[in-house]
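Residues per chain, in single letters:
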Amino acid sequence: MKKLVFASNNAHKLEEVRALFSGRLEVVSLADIGCHEEIPETADTLEGNALIKARHVWERYGLYCFADDTGLEVEALDGAPGVYSARFAGEHATFEENVALLLERLKGVPAPRRACFRTVIALIDEYGTHFFEGAVNGEITLERSGDHGFGYDPVFRPEGCQQTFAELSSEEKNAMSHRGRAVQRLARYLHALPLDE
């Protein structure tokens with residue numbers, strides 16, 4: 001395996017992952033392989049959605065592929081929004097609307113408002129299907145703070161940190177983030193493979 005598809009067109013994600021495999025493995029995007037169709041995420045788990053995307057590429061293009069899905073799980077909301085994090089406030093909701101709804105739902109809930117960000121990566125290669133998970137515990141703040149990142153970053157403060165994800169630099173966030181941890185586990189697996197054969 002010398003080429004691997006990342007089922008994403010997110011430039012930031014692609015840059016981060018490509019840096020990990022530079023010189024050893026070529027990571028290509030959906031656009032790079034001519035995949036422009038919308039891949040529906042219809043599963044009720046992060047694992048299921050990641051697998052849907054990876055399997056779509058494997059079955060239609062015959063290429064080894066990995067995909068990710070991420071959810072914010074809030075203890076006081078029984079794990080919601082979870083797999084529905086990107087559409088918490090509706091199918092076409094913006095993250096601003098999602099954050100507003102989250103803060104509304106948590107009104108009156110005392111600190112610490114415990115939460116966990118979780119990313120699951122599904123990889124399909126010649127050896128089968130594999131899953132890699134990364135998680136970071138923290139809490140939901142009372143109000144937004146910070147201008148970096150995206151999504152729920154302005155209201156998520158990771159454990160042991162005085163700042164929200166949105167107040168950290170991208171390097172600081174990636175060093176401790178759920179996605180960063182999942183990608184590192186994927187990298188360890190891939191680096192152990194005989195990719196040059």
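- The chain goes by dITP/XTP pyrophosphatase in an unreviewed UniProt entry, where it is assigned to Porphyromonas somerae.
- If you open the UniProt record of the chain and go to Sequence similarities (unreviewed entry), you find "Belongs to the HAM1 NTPase family."

## Description of the overall build of the chain
So, step 1. Within the chain one finds five helices and seven strands.
So, step 2. Start at the N end of the chain and walk to the C end: the helices and strands fall as β-α-β-α-β-β-α-β-β-β-α-α.
So, step 3. Over its C-alpha trace the chain gives a radius of gyration of 17 Å, about what one expects of a compact globule, namely 16 Å for 197 residues.
So, step 4. With the C-alpha coordinates of the chain rotated into their principal frame, the extents come out at 55 × 30 × 25 Å.

## A short note on the packing of aromatic side chains
So, step 1. Overall, the coordinates contain seven aromatic pairs when judged by the stated rule.
So, step 2. Centroid distance Phe156 to Phe165: 5.2 Å. Interplanar angle 45°. Geometry classified as tilted. The residues Phe156 and Phe165 share a single accessibility class, namely buried.
So, step 3. In textbook terms, an aromatic cluster arises when at least three aromatic residues are bridged by ring pairs, as seen for Phe117, Phe156 and Phe165.
So, step 4. For the cation-ring pair, Lys173 lies above Phe165, with the distance from its terminal atom to the ring centre recorded as 5.5 Å.

## Digging into the pairing of strand 6 (residues 128–140)
So, step 1. Sheet topology places strand 5 (residues 114–125) next to strand 6; twelve bridges connect them, and they run antiparallel. The residue of strand 6 that forms the bridge with Asp125 is Gly128.
So, step 2. In this structure, the hairpin formed by strand 5 and strand 6 is closed by a connection of two residues.
So, step 3. Here strand 6 pairs with strand 7 (residues 156–158) via three bridges, running antiparallel. When the bridges of strand 7 are listed, Gly138 appears paired with Pro158.

## Re unusual backbone geometry
So, step 1. For the bond from Ala80 to Pro81, the omega torsion is 0°, close enough to zero to count as cis.
So, step 2. Residue position: Pro81 is located in strand 4 (residues 81–82).
So, step 3. Pro112 follows Ala111 through a cis peptide bond whose omega is 0°.
So, step 4. By the element assignment, Pro112 lies in the loop between helix 3 (95–105) and strand 5.
So, step 5. Backbone geometry places Asp78, a non-glycine residue, at a positive phi of 55°.

## Quick word on the side chain of Asp69
So, step 1. Tracing the backbone through its elements, the reader meets Asp69 in strand 3 (residues 65–74).
So, step 2. There is no salt bridge for the buried Asp69, and the closest opposite charge comes from Lys53, which lies 4.5 Å off by N-O distance.
So, step 3. Separated by 3.1 Å, the side chains of Asp69 and Asn49 make a polar contact.
So, step 4. Beyond its immediate sequence surroundings of up to four residues, Asp69 is in contact with Glu41, Thr45, Leu46, Asn49, Ala50, Val83, Arg118, Thr119 and Val120.

## Describing the UniProt feature "binding site: Mg(2+)" (unreviewed entry) in the chain
So, step 1. Those places that UniProt annotates as "binding site: Mg(2+)" (unreviewed entry) correspond, in this numbering, to Asp69.
So, step 2. Exposure remark for Asp69: the relative accessible area of 10% places this residue in the buried category.

## Observations regarding the pairing of strand 3
So, step 1. With respect to burial, strand 3 is a largely interior element, nine of its ten residues being buried.
So, step 2. Note: strand 3 against strand 5, ten bridges, orientation antiparallel. Looking across to strand 5, one finds that Ala67 is bridged to Ala122.
So, step 3. For strand 3 and strand 4, the ladder comprises two bridges, and the chain directions are antiparallel. Looking across to strand 4, one finds that Leu72 is bridged to Gly82.
So, step 4. Taking the residues between adjacent antiparallel strands as the criterion, strand 3 and strand 4 are bridged by six residues, where Asp78 takes a positive phi near 55°.

Cut-offs used in this document
Residues numbered from 1 in each chain as written. Predicted model: local features only at pLDDT ≥ 70, side-chain atom pairs only at ≥ 80, totals over all residues. Heavy atoms only, no water. UniProt positions renumbered as here; feature names shortened; annotations may be inferred. Helix = DSSP H or I, 4+ residues; strand = E, 2+ residues; numbered from the N terminus. Rg over C-alpha atoms; globule rule 2.2 N^0.38 Å. Phe/Tyr/Trp six-rings, centres within 6.5 Å; stacked < 30°, edge-to-face > 60°. Buried < 20%, exposed > 50% of the residue type's maximum accessible area, 1.4 Å probe, protein only. Lys NZ or Arg CZ within 6 Å of the ring centre and 35° of its normal. Pairing = 2+ DSSP bridges. Lys, Arg positive; Asp, Glu negative; His and termini not counted. Salt bridge = Lys/Arg side-chain N within 4 Å of Asp/Glu carboxyl O. Polar contact = N/O pair within 3.5 Å; in protein donor to acceptor, adjacent residues only side chain to side chain. Contact = heavy atoms within 4.5 Å.

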